[in-house]
Amino acid sequence: DLHIEAHSFPTRRSSDLFPSHDKEREKHSRNLDMIHRSIKVDKENPFHYFNLGTTYRSAGDNEKAVDAFRAVLRLADSSFDQYHYYQSSWVYLASCLLDMGMCAEAANVCLYVPETVHDIPDFWCVFGGSMLGLGHILAAKIALEKCISMEQNTTVSISDRTCFDRAKKWLESKQLQ
């Protein structure tokens, strides 16, 4: 029996990220106001919901972010596959679920991502973390190693660099030794 330590999947809250930064809270509030106005004008635009999800995610409000990313995927169809925000919505949705400790739900999202998402290192990190959380050690190792193998790609963004550290930490954990 595999025991997953509780600290492996921390839940982030806005109070953790912005404990007393009034300017950050004001910016967050202002962004939310603008996004909500955009949604009122164009309720069927998945990009507005992507912006809403990323704003909630950056503030650590994973539950609201999950709802927003699900709205992106509900409103967009496979013709949106070439858009970065559509691909990222799949990964961010799974990542928020994983951060909330919902490993099975995160894994389920990962199983249905479009093939173009497989080029995103964060996808492999989240998929590996969800497999680890479910006790599927071999699948976790394969996914996390795939993530790390993408580190040599010079085009990866800064946010992707964080996933490499997370993947390495999980691979070095007692659970995967």
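Everything discussed here concerns the structure shown above.
Residues numbered from 1 in each chain as written. Predicted model: local features only at pLDDT ≥ 70, side-chain atom pairs only at ≥ 80, totals over all residues. Heavy atoms only, no water.

**Section: the overall build of the chain**
Next up, step 1: A tally of regular secondary structure across the chain gives nine helices and zero strands.
Next up, step 2: Counting from the amino terminus, helix and strand elements in the chain follow one another as α-α-α-α-α-α-α-α-α.
Next up, step 3: Counting the 177 residues in the chain, one finds 45% classified as buried.
Next up, step 4: For the chain, the proportion of contacts with a sequence separation of at least 24, taken over those separated by at least 6, is 58%.
Next up, step 5: Here the chain displays about 10000 Å² of accessible surface, and carbon together with sulfur accounts for 52% of that area. (Helix = DSSP H or I, 4+ residues; strand = E, 2+ residues; numbered from the N terminus. Buried < 20%, exposed > 50% of the residue type's maximum accessible area, 1.4 Å probe, protein only. Contact = heavy atoms within 4.5 Å. Areas by Shrake-Rupley, 256 points an atom, 1.4 Å probe, with all protein chains shown as cover.)

**Focus: the environment of Ala140**
Next up, step 1: Residue placement: Ala140 occurs in helix 8 (residues 137-149).
Next up, step 2: What makes Ala140 buried here is its relative accessible area of 0%.
Next up, step 3: Placed 30 residues apart in sequence, Ala140 and Trp170 show a C-alpha to C-alpha distance of 9.0 Å.
Next up, step 4: Setting aside chain neighbours within four positions, we find Ala140 in contact with Gly128, Met131, Leu132 and Leu176.

**A closer look at the packing of helix 5 (residues 84-99) against helix 7 (residues 121-134)**
Next up, step 1: Helix 7 packs onto helix 5 with a crossing angle of 30° between their chain directions and a minimal axis gap of 10 Å. Helix-helix and strand crossings are classified by hand; for helix 5 and helix 7 the assignment is left-handed. Across the interface between the two elements, Val91, Ala94, Ser95 and Leu98 from helix 5 touch Asp122, Phe123, Val126, Gly129 and Ser130 from helix 7.
Next up, step 2: In terms of residue class, the contact of helix 5 with helix 7 is built from five nonpolar, three polar and one charged. (Axes fitted to C-alpha atoms, helices over the stretch in contact; angles between N-to-C directions. Left-handed = near helix turned anticlockwise from the far one by under 90°. Nonpolar A, V, L, I, M, F, W, Y, C, P; charged D, E, K, R; others polar.)

**Quick notes on the packing of helix 3 (residues 46-58) against helix 4 (residues 62-75)**
How two helices pack is summed up by the angle between their axes together with the distance between the axes.
Next up, step 1: At a minimum axis distance of 8 Å, the contact between helix 3 and helix 4 shows a crossing angle of 160°. Comparing their axes, helix 4 and helix 3 come out roughly antiparallel. When you trace helix 3 past helix 4, the crossing you get is left-handed. Two secondary-structure elements touch here, helix 3 through Pro46, Tyr49, Phe50, Leu52, Gly53, Thr54, Tyr56 and Arg57 and helix 4 through Lys64, Ala65, Ala68, Phe69, Ala71, Val72 and Leu75.
Next up, step 2: Considered class by class, the residues forming the contact of helix 3 with helix 4 number 11 nonpolar, two polar and two charged. (Parallel < 35°, antiparallel > 145°, perpendicular 65-115°, else oblique.)

**A look at the environment of Asp61**
Next up, step 1: On the secondary structure map, Asp61 appears in the loop between helix 3 and helix 4.
Next up, step 2: For Asp61, a relative accessible area of 27% puts it in the partly exposed group.

**Considering the packing of aromatic side chains**
Next up, step 1: Summed over the entire model, instances satisfying the criterion amount to 11 aromatic pairs.
Next up, step 2: Consider the rings of Phe123 and Trp124, whose centres lie 4.8 Å apart with planes at 75°: the pair is edge-to-face. For the pair Phe123 and Trp124, one class covers both residues: buried.
Next up, step 3: Overall, the relative accessible area of 15% leaves Trp124 in the buried class.
Next up, step 4: Following the ring pairs from residue to residue traces out a cluster consisting of Phe47, Phe50, Phe69, Tyr83, Tyr85 and Tyr92.
Next up, step 5: Positioned above the aromatic ring of Tyr92, the side-chain terminus of Arg57 is 4.2 Å from the ring centre. (Phe/Tyr/Trp six-rings, centres within 6.5 Å; stacked < 30°, edge-to-face > 60°. Lys NZ or Arg CZ within 6 Å of the ring centre and 35° of its normal.)

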